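Examining the three-dimensional arrangement
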Amino acid sequence: MVSATRARRRTATAEEGEERSAVSASDWRRPSVRWSLGATHWLLLVLLVVWCVGPLLLLAKFAVTPTQDILRTPMAIFPNGIAWSNLSEAWNDVQVSKYFANTIVLAAGAWFSQILVATTGGYLLSVLRPRYARVLQAAVLATLFVPAVVLLVPLYLTVLDTPVFHTSLVNSFWGVWLPAGASAFNVVLVQRFFDNLPREIFEAARVDGAGPYRLFWSIVLPMSKPILGVVSIFAVIGSWKDFLWPLLVLRNPDLQPLSVRLPSIEATTDKGVLMAALAISTLIPIVLFLVFQRMFLRGAGLGGAVKG
């Protein structure tokens, strides 16, 4: 009796969900509706794949295509064979390997700086909540309304002559790492996630004798893997494609990342080799998103960390 009642409830719920959709189950049974909507779905899927994946595939093709074929018949599929030498020339002769390593170092430092500031700032505003938390939160939110281009001059003057230490961070990776941590967006993002964490766990940890540092390291951070993945992807990709600030701070070509060096060598580099260098520069962001896409999609919704 109970099982039959539950079955009827599930059926009623399913039917109610179907009726709430834009196209009801009865409409789907009509051949004209089914074929038209099915064709529309496939068309949108093909357009989405072409729009998103098409440029990447075209770049991968150009990376191993001879320069003359790129200029004469760019859409032809390897009319004169594949030029695998473009990759080796880009990696060795154009020294993409050195600039690639510089980019990784810059991205790693910027990632650590942003993670440190975002997690500690979000923890302070959301979990510890001192008396001045509202004033501090208002100050953090106010910085979001300041255009980044307005901060270039004062930030550069600060890096040129740092307060207290009176040293210059120009031509130093620290000149890129430290300003990267000042991201109010990441602080607000992490705080929003921390607000959804269950407070009962915090109270239980405090009763067991956990201090603020132990609570942060052993309770809050392990429960915040989704948002840490989101901030990590934003930090690495943002640092990977940043052009203006590394151009201003890192004047030494031996320290510059790919985003700065590739436009500089464009005029003196073979087109096929340049395409290979561009393809190499896109590897890390693509691999990073593919590896952490599930964590990114979980954290992007900013939902609660514990279900039930």
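Residues numbered from 1 in each chain as written. Predicted model: local features only at pLDDT ≥ 70, side-chain atom pairs only at ≥ 80, totals over all residues. Heavy atoms only, no water.

Here we come to the overall build of the protein chain. Secondary structure assignment for the protein chain yields 17 helices and zero strands. Out of the 308 residues in the protein chain, the part that is buried amounts to 34%. Here the protein chain displays about 19,200 Å² of accessible surface, and carbon together with sulfur accounts for 67% of that area. (Helix = DSSP H or I, 4+ residues; strand = E, 2+ residues; numbered from the N terminus. Buried < 20%, exposed > 50% of the residue type's maximum accessible area, 1.4 Å probe, protein only. Areas by Shrake-Rupley, 256 points an atom, 1.4 Å probe, with all protein chains shown as cover.)

Membership of the largest hydrophobic core comes to 24 residues, with the highest contact counts inside it found for Ala 90, Val 96, Leu 258 and Met 275. Sorting the residues of this core by element identifies α3 (31–63), α6 (96–128), α13 (225–241), α15 (258–264) and α16 (271–281) as the ones contributing at least two each. Broken down by element, this core gets its largest block of residues, seven residues, from α16. Apart from the residues lying within four places of it in its own chain, the contact partners of Ala 90 are Gln 95, Val 96, Val 273, Ala 276, Ala 277 and Ile 280. Judged by nonpolar contacts, the second largest core, of 20 residues, contains Leu 221, Met 223, Val 230 and Val 231. (Core = buried A, V, L, I, M, F, W, Y, C linked by side-chain atoms within 4.5 Å. Contact = heavy atoms within 4.5 Å.)

Here the focus is unusual backbone geometry. Phi is positive for His 166, which is not a glycine, with a value near 55 degrees. Here His 166 lies in the loop between α8 (152–160) and α9 (174–181). Within the chain, Asn 171 stands out as a residue other than glycine whose phi angle is a positive 60 degrees. The residue Asn 171 is located in the loop between α8 and α9 in this model. Judged by its relative accessible area of 34%, Asn 171 falls in the partly exposed class.

A cluster of nonpolar side chains, contributed by Trp 42, Leu 45, Val 49, Val 53 and Leu 57, occupies part of the molecular surface with about 510 Å² of accessible area. Structurally, Val 49 can be placed in helix α3. Judged by its relative accessible area of 43%, Val 49 is partly exposed. (Patch = residues over 30% accessible without salt bridge, like charges linked within 9 Å, V, L, I, M, F, W, Y side chains within 5 Å. Salt bridge = Lys/Arg side-chain N within 4 Å of Asp/Glu carboxyl O.)

Take the packing of aromatic side chains next. Per the stated rule, a full pass over the model turns up six aromatic pairs. Centre to centre, the rings of Tyr 123 and Phe 216 are 4.9 Å apart; their planes meet at 55 degrees, and the pair counts as tilted. Separated by 93 residues along the polypeptide, Tyr 123 in helix α6 and Phe 216 in helix α12 (residues 212–220) bring together distant segments of the chain. Owing to a relative accessible area of 6%, Tyr 123 belongs among the buried residues under this scheme. Pairing Trp 174 with Trp 177 gives two aromatic rings, centres 5.1 Å apart and planes at 80 degrees, and the pair type is edge-to-face. Highlighted residues: Trp 174 and Trp 177, both in helix α9, separated by three residues, approximately one helical turn. Note on Trp 174: relative accessible area 49%, which makes it partly exposed. For Trp 177, a relative accessible area of 17% puts it in the buried group. One aromatic cluster in this structure is built from Trp 91, Phe 100 and Trp 240. Here the guanidinium or amino end of Lys 61 rests over the ring plane of Phe 78, the centre of that ring lying 5.6 Å away. (Phe/Tyr/Trp six-rings, centres within 6.5 Å; stacked < 30°, edge-to-face > 60°. Lys NZ or Arg CZ within 6 Å of the ring centre and 35° of its normal.)

Another aspect to go through is the side chain of Ser 259. Within the fold, Ser 259 resides in helix α15. Polar side-chain contacts of Ser 259 include one of 2.5 Å to the backbone oxygen of Asp 242. (Polar contact = N/O pair within 3.5 Å; in protein donor to acceptor, adjacent residues only side chain to side chain.)

Another aspect to go through is the pattern of salt bridges. Under the counting rule described, the total for this entry stands at four salt bridges. Between Asp 195 and Arg 129 there is a salt bridge, with its nearest N and O atoms 3.9 Å apart. With Asp 195 in helix α10 (residues 184–195) and Arg 129 in the loop between α6 and α7 (133–143), this pair connects stretches of sequence that are 66 residues apart. For Asp 195, a relative accessible area of 32% gives the class partly exposed. By sharing partners, the salt bridges in this structure join Arg 129, Asp 195 and Arg 199 into a single network.

Predicted confidence across the protein chain gives a mean pLDDT of 84, with 87% of residues reaching 70 or more. Residue range residues 12–19 is modelled with pLDDT below 50. Its contacts to residues more than four positions away, or to other chains, number four contacts. When the criterion is pLDDT under 50, residues 302–308 qualifies, and its contacts beyond four places in sequence or with other chains add up to 14 contacts. (pLDDT = per-residue confidence, 0-100.)

Contact geometry of helix α11 (residues 199–207) with α12 gives a least axis separation of 11 Å together with a crossing angle of 130 degrees. By the angle between their directions, the pair α11 and α12 is classed as oblique. Helix-helix and strand crossings are classified by hand; for α11 and α12 the assignment is right-handed. Each of Ile 201, Phe 202, Ala 205 and Arg 206 in α11 lies in contact with α12, whose residues at this interface are Leu 215, Ile 219 and Val 220. When its residues are assigned to classes, the contact of α11 with α12 shows six nonpolar, no polar and one charged. (Axes fitted to C-alpha atoms, helices over the stretch in contact; angles between N-to-C directions. Parallel < 35°, antiparallel > 145°, perpendicular 65-115°, else oblique. Left-handed = near helix turned anticlockwise from the far one by under 90°. Nonpolar A, V, L, I, M, F, W, Y, C, P; charged D, E, K, R; others polar.)

Attention now goes to the environment of Leu 106. Following the sequence through the fold, Leu 106 ends up in helix α6. Owing to a relative accessible area of 3%, Leu 106 belongs among the buried residues under this scheme. Apart from the residues lying within four places of it in its own chain, the contact partners of Leu 106 are Phe 173, Val 176, Trp 177, Ser 239, Leu 250 and Pro 257.

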